Amino acid sequence: MAETTGVGGGAAFLGHVQQMLQAYPGKAAKAEDKAVLECIQACLDCAQACTACADACIAEENPKPLARCIRLDLDCANICEVTARVFSRQTARDPGIARALLQACAVACRACGDECERHGKMMKHCAVCAEACRACEKACDRLVAAA
């Protein structure tokens, strides 16, 4: 199995993502492969954190003031999931669509991260989510720069 790093036990999964990217038929390794791998992992990690954060916000004693946070969590989770799926597919990727999707994902992560940071001092789940959002935003930005 390939050497991997990951957050919260994601090492095995990251290994599978890496193995699948490397197993793609007829593909020569490119400089952006590491950035693609890191972006997919960051997107999946962020999607999970955002989904869990939204759920935790709903479970708070008074969730009404957290409506914007919940909405941004769910929007960010969906955009991150789509980004991970699109970048997992290697065949005939359209560069314009790929760039736009990465930019949209970074924007969603920035907005969600900003909102979660507002609540992070009082709610640990928001602090964790903000951290995942920042990491994903950076991974998307790195992949845009590598392409």
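All values reported here derive from a predicted model rather than from experimental measurement.

1. A closer look at the side chain of Q90
Considering the arrangement of structural elements, one finds Q90 in the loop between helix 3 (67-88) and helix 4 (95-119). There is a polar contact of 2.9 Å between the side chain of Q90 and the backbone oxygen of F87.

2. Focus: the confidence of the model for the protein chain
Confidence in the prediction for the protein chain averages 87 pLDDT; 86% of positions are at 70 or higher. Below a pLDDT of 50 lies the segment residues 1-9, which in the model reaches 14 contacts outside its immediate sequence neighbourhood of four places, other chains included.

3. Describing the nonpolar core
Among the nonpolar cores identified, the biggest contains 44 residues, and C76, C80 and C136 are the most heavily contacted of them. Within the residue set of this core, elements represented by two or more residues are helix 1 (11-23), helix 2 (33-59), helix 3, helix 4 and helix 5 (124-146). Take this core: its biggest share by element is 13 residues, from helix 2. Not counting the four nearest positions on each side in its chain, C76 is found in contact with C46, C50, A108, C109, C112 and C133.

4. Quick notes on the packing of helix 3 against helix 4
Two elements in contact, helix 3 and helix 4, have axes whose closest approach is 9 Å; the angle formed by their N-to-C orientations is 150°. By the angle between their axes, helix 3 is roughly antiparallel relative to helix 4. Of the two elements, helix 3 crosses helix 4, and the hand of that crossing is left-handed. Where helix 3 approaches helix 4, its residues R68, C69, L72, D73, C76, I79, C80, V82, T83, V86 and F87 are matched on the opposing element by A98, L101, L102, A104, C105, A108, C109, A111, C112, E115, C116 and H119. Class assignment for the residues of the contact of helix 3 with helix 4 results in 18 nonpolar, 2 polar and 3 charged.

5. Here we look at the packing of helix 2 against helix 4
What describes two packed helices is the angle between their axes and the distance between those same axes. Between helix 2 and helix 4, the shortest axis-to-axis distance is 12 Å and the interhelical angle comes to 40°. Relative to helix 4, the element helix 2 is oriented oblique. Between helix 2 and helix 4 the crossing geometry is left-handed. The segment helix 2 lies against helix 4, with C39, C43, C46, C50 and C53 engaging L102, C105, C109, C112 and C116. Of the residues in the contact of helix 2 with helix 4, the class split is 10 nonpolar, no polar and no charged.

Here is what the cut-offs are and how they apply
Residues numbered from 1 in each chain as written. Predicted model: local features only at pLDDT ≥ 70, side-chain atom pairs only at ≥ 80, totals over all residues. Heavy atoms only, no water. Helix = DSSP H or I, 4+ residues; strand = E, 2+ residues; numbered from the N terminus. Polar contact = N/O pair within 3.5 Å; in protein donor to acceptor, adjacent residues only side chain to side chain. pLDDT = per-residue confidence, 0-100. Contact = heavy atoms within 4.5 Å. Core = buried A, V, L, I, M, F, W, Y, C linked by side-chain atoms within 4.5 Å. Buried < 20%, exposed > 50% of the residue type's maximum accessible area, 1.4 Å probe, protein only. Axes fitted to C-alpha atoms, helices over the stretch in contact; angles between N-to-C directions. Parallel < 35°, antiparallel > 145°, perpendicular 65-115°, else oblique. Left-handed = near helix turned anticlockwise from the far one by under 90°. Nonpolar A, V, L, I, M, F, W, Y, C, P; charged D, E, K, R; others polar.

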